[in-house]
Amino acid sequence: GQSRWLTSPVRNYKKKHFRTMASLLRSSPFRRSSLHVGRLLSSQVGTPRTTYGGVHTITLIPGDGIGPELTGAVKDVFKHLCVPVHFDERAVSGMDTSYEAARTSLRRHGVGLKGTISTSASLAQPRSLNVQLRKDLDLFANLVHCKNMPGVPSRHEDVDMIIIRENTEGEYSGLEHESVPGVVESLKVITEAGARRIAKFAFETASRMGRRKVTVVHKANIMKLADGFFLECCRQVSKDYPLIEFQDMIVDNCCMQLASRPQQFDVLVMGNLYGNIISNLGAGVVGGAGIVPGENVGHDVVLYEVGARHRGQEMAGKDVANPSAMLLTSALMLRHLNLELFAERIENAVHSALRSSNTHTVDLGGSCSTSAFMDNVKQHL
């Protein structure tokens, strides 16, 4: 497909662009040992639908806060490498036609890249658009890979864990009401279909990636019906994977174990709220929200966004945000699109930039600006 794209008349690229593509095609094949989850999921989700002349069209939702700066960094790198991807950009700011257009675009193209959309705690905004998008597109699994990176300071070494979160049920069901004045009820919904689906996804991911253990995180000692049911569904699914060790752990103990000895974990699977907390804690363990990629997986759509979802409003427009997580997330997306050579170039460039403390942004304890970091990444490309 990449070879055909070189001679495609769809776009009139300059000669230097063709030379860049040719050098990529001549470069050594990507290492199987560095295969990421995005590439592994392609067989489960299917081939992206919108491809013309070898150029993939994906939906881009910049989001709020630092989202436009981070997605802008991705566009800059893609342009620099001549990646055969066209962005169908959709700005989502509220439950109006912009949201509907973005949702339609994602359904059409099957692949998207997204920044975090702002959600207010006020009752004037009754539902989070981030949650609404996951439910409307049935993006049932959120996957975050927390792993130490060379050059990035952290309290623990040799951490390499995959956190899988059920994305559509649980405490995020959005079923709340005031039964009588002064009494508010919020429903936590667990279904057998949803619990078994996320459990199967976790064990399939562990099997495909050569992982040896899956840990189910729960609070079944207190919520015996809801979390007890989730735990039992996971236990039943585990019987289909006898080569993978099954473990369960209460969520508060899991948080303590993550802070003290995170190396013991391999693949973790949990409900919605626990997943939100554990994935942010896992990101903090390996260096922070600025370096951890993530993705949301459904049967028909894959939506890529950073592993720790923060809009970073206080950093917006100050040229201090760390674009590493979004760049690594875009590399996961490229692997899903079978553009492995481009993905490897981007990953290697980001890792090379992070190895030097001179290019560490504020969140990593440095003083490098976003633009200076991007200049360094492009030099390594």
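On a predicted model such as this, the values are computed, not experimentally measured, just so you know.

A.B. asks: I tried to follow the pairing of strand β4 (residues 111-114) on my own but got confused; where do I start?
C.D. replies: Regular strands show a simple pattern: their side chains alternate between the two faces of the sheet. Side chains of β4 alternate between two faces, with Val 111 and Leu 113 and Gly 112 and Lys 114 buried alike. Here strand β2 (residues 55-61) pairs with β4 via three bridges, running parallel. Pairing of Ile 61 across the sheet is with Lys 114, part of β4. Here β4 pairs with strand β13 (residues 302-304) via three bridges, running parallel. What sits directly across from Val 111, in β13, is Val 302.

A.B. asks: Sorry if this is basic, but what is going on with helix α13 (residues 340-354) here?
C.D. replies: Helix length check: α13, at 15 residues, gives a terminal C-alpha distance of 21 Å against a target of 21 Å (1.5 Å per residue), a fit within 8%. Most of α13 is tucked away, with eleven of its 15 residues classed as buried. When we look at burial in α13, the residues that qualify are Glu 340, Leu 341, Phe 342, Ala 343, Glu 344, Ile 346, Glu 347, Ala 349, Val 350, Ala 353 and Leu 354.

A.B. asks: What exactly am I supposed to notice about helix α11 (residues 272-286) here?
C.D. replies: For α11, with 15 residues, the first-to-last C-alpha span of 22 Å sits near the 21 Å given by 1.5 Å per residue. Along α11, the residues classified as buried are Asn 272, Tyr 274, Gly 275, Ile 278, Ser 279, Gly 282, Ala 283, Val 285 and Val 286. For α11, the buried positions fall inside an angular range of 160° around the axis, keeping them on one side. Where α11 is buried, its residues touch β5 (141-147), β6 (160-166), β9 (213-218), α9 (226-238), α10 (251-260) and β11 (267-270). Note on α11: the residue one or two positions beyond its end, Gly 287, has a positive phi of about 140°.

A.B. asks: Sorry if this is basic, but what is going on with the environment of Met 270 here?
C.D. replies: Within the secondary structure layout, Met 270 lies in strand β11. Residue classification places Met 270 among the buried positions, given a relative accessible area of 0%. On a C-alpha basis, the gap between Met 270 and Val 251 in space is 9.0 Å, while along the polypeptide they are 19 residues apart. The residues touching Met 270, leaving out its near neighbours within four places in the chain, are Ile 163, Ile 164, Arg 165, Glu 166, Val 217, Phe 230, Gly 275 and Ile 278.

A.B. asks: When you look at the nonpolar core in this model, what are you seeing that I'm missing?
C.D. replies: Across soluble globular proteins, nonpolar side chains show a tendency to be buried alongside one another. The biggest cluster of nonpolar side chains holds 64 residues, and the ones touching the most others in it are Phe 78, Val 85, Leu 334 and Ile 346. If one sorts the elements of this core by residue count, helix α12 (residues 324-336) sits on top with eight residues. Contacts of Ile 346, omitting those with residues within four sequence positions, involve Val 77, Phe 78, Leu 81, Leu 327, Ser 330, Ala 331, Leu 334 and Leu 381.

A.B. asks: Sorry if this is basic, but what is going on with the pattern of salt bridges here?
C.D. replies: Between side chains of opposite charge, a pair can form when the charged atoms approach closely. Evaluated as defined, the whole model comprises 16 salt bridges. Where Glu 305 meets Lys 114, a salt bridge forms, and the shortest distance between an N and an O atom there is 3.0 Å. Of this pair, Glu 305 sits in the loop between β13 and α12 while Lys 114 sits in strand β4, placing them 191 residues apart in sequence. Of the residues examined, Glu 305 reaches a relative accessible area of 2% and is grouped as buried. Overall, the relative accessible area of 2% leaves Lys 114 in the buried class. Asp 138 is paired through a salt bridge with Arg 197; the nearest N and O atoms lie 2.9 Å apart. Here Arg 197 lies in helix α8 (residues 192-208) and Asp 138 lies in the loop between α7 (129-136) and β5, a separation of 59 residues in the sequence. On the accessibility criterion, Asp 138 (30% relative accessible area) is partly exposed. Members of the salt-bridge network, linked through shared partners, are Glu 100, Arg 103 and Asp 136.

The rules behind each value
- Numbering of residues starts from 1 in every chain and runs along the sequence as written.
- Since the coordinates come from a predicted model, pLDDT governs what is reported: local features require at least 70, and pairs of side-chain atoms require 80 or more to be given and counted, while whole-chain, interface and lining totals use all residues.
- Values shown for side chains rest on all heavy atoms present in the structure; no hydrogens or waters enter the calculation.
- When a residue's accessible area, from a 1.4 Å probe over protein chains only, is under 20% of the maximum for its type it is buried; when over 50% it is exposed; and in between it is partly exposed.
- Only DSSP runs of H or I covering at least 4 residues are called helices, and only runs of E covering at least 2 are called strands; the numbering of each starts at the N terminus.
- Between any two strands, at least two bridges found by DSSP are needed for them to pair.
- The span one expects for a helix is its residue count, reduced by one, times 1.5 Å.
- As used here, the arc belongs to the directions running from the helix axis to the C-beta atoms.
- Residues are treated as being in contact if the distance between any of their heavy atoms lies within 4.5 Å.
- Take the buried Ala, Val, Leu, Ile, Met, Phe, Trp, Tyr and Cys residues and link them wherever side-chain atoms come within 4.5 Å; each set so joined is a nonpolar core.
- Any carboxyl oxygen of Asp or Glu that lies within 4 Å of a side-chain nitrogen of Lys or Arg is treated as forming a salt bridge with it.

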